[in-house]
Amino acid sequence: APGAIGPYSQAIKAGNLVFASGCIPLDPSTMQVVSGGIEEQTTQSLKNLKAVVEASGSSLSQVAKTTVFLKDMNDFVSMNKIYGEFFGDHKPARSAVEVARLPKDVLVEIECIAVSNA
């Protein structure tokens, strides 16, 4: 996952919980926003979130709650398709909200809370 772009941690462990900061669609090798629309940006955001969660000793199957921040709620259906494919049969609790603006003017940001056995 790309490093944090501000004075915050990518994730914090508290007891057996992992609180992952919002992940945006940065390519870890270039630190640039991936090209494309909401599908490409959702895919990269989720890949980055997965890397943070796994580095914290957890996994996607242990994600309990996500929050999805969308620049435009009209992108919900497209985001939801990618999100559903990414999590598969595991369906964490989720909130999805439209916001005025996101870092680097991306279309989506995703954060989560996961359980860790490590």
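Scroll up to find the structure this text is about.
A short tour of the structure in this document, coming up. Only a predicted model underlies this, so the values are computations on that prediction, with no experimental measurement involved. Along each chain, residue indices are assigned from 1 in the same order as the chain's sequence is written. Reporting of local features is limited, given that this is a predicted model, to residues whose pLDDT is at least 70; pairs of side-chain atoms are given and counted only at 80 or more, and all residues count toward the totals for whole chains, interfaces and linings. Side-chain descriptors were evaluated using all non-hydrogen atoms of the structure, hydrogens and water having been removed beforehand.

Notes on the nonpolar core
For step 1, the next point in the chain: Throughout this description, the term nonpolar core refers to a set of buried Ala, Val, Leu, Ile, Met, Phe, Trp, Tyr and Cys residues connected via side-chain atoms within 4.5 Å. We call a residue buried when its accessible area falls under 20% of the maximum for its residue type, exposed when it is over 50%, and partly exposed in between, using a 1.4 Å probe and counting protein chains only. With 20 residues, the main nonpolar core has Leu46, Leu49 and Val68 as its most contacted residues.
For step 2, the next point in the chain: Secondary structure is summarised from DSSP: a helix means a run of H or I of at least four residues, a strand means a run of E of at least two, and numbering begins at the N terminus for each. Contributions of two or more residues to this core are made by β2 (17-23), α1 (38-55), β5 (63-70), α2 (76-87) and β7 (108-115).
For step 3, the next point in the chain: Considering every element that reaches this core, the biggest residue donor is α1, with five residues.
For step 4, the next point in the chain: What makes two residues a contact is simply this: any of their non-hydrogen atoms within 4.5 Å. The residues contacting Val68, other than those within four sequence positions of it, are Met79, Tyr83, Arg94, Ser95, Ala96, Val97, Val108, Glu109 and Ile110.

Quick notes on the pattern of salt bridges
For step 1, the next point in the chain: The rule for a salt bridge is simple: a side-chain nitrogen of Lys or Arg has to be within 4 Å of a carboxyl oxygen of Asp or Glu. Per the stated rule, a full pass over the model turns up three salt bridges.
For step 2, the next point in the chain: One salt bridge in this structure joins Glu54 and Lys50, with 3.9 Å as the shortest N-O distance. Taken together, the positions of Glu54 and Lys50, both in helix α1 and four residues apart, correspond to about one turn of that helix.
For step 3, the next point in the chain: Judged by its relative accessible area of 33%, Lys50 falls in the partly exposed class.
For step 4, the next point in the chain: Note that Asp105 is salt-bridged to Arg101, the shortest N-O span being 2.6 Å.

Some points on α2
For step 1, the next point in the chain: Over its twelve residues, α2 runs 16 Å from end to end, which matches the ideal 16 Å to within 8%, given 1.5 Å per residue.
For step 2, the next point in the chain: Directly beyond the C-terminal end of α2, a positive phi value near 60° is found at Gly88. For a helix, the expected span equals 1.5 Å multiplied by the number of residues minus one.

Structural notes on the packing of α1 against α2
For step 1, the next point in the chain: Only the stretch in contact is used when fitting a helix axis, every axis being a line fitted to C-alpha atoms; angles between N-to-C directions are given from 0 to 180 degrees. Remark: α1 packs on α2, axes separated minimally by 9 Å, with the N-to-C direction vectors making an angle of 35°. Once α1 is placed against α2, the crossing between them reads as right-handed. Residues Ile38, Glu39, Thr42, Thr43, Leu46, Lys47 and Lys50 of α1 pack against Ser78, Met79, Ile82, Tyr83, Phe86 and Phe87 of α2. By definition, turning the near helix anticlockwise from the far helix through less than a right angle yields a left-handed crossing, and turning it clockwise yields a right-handed one.

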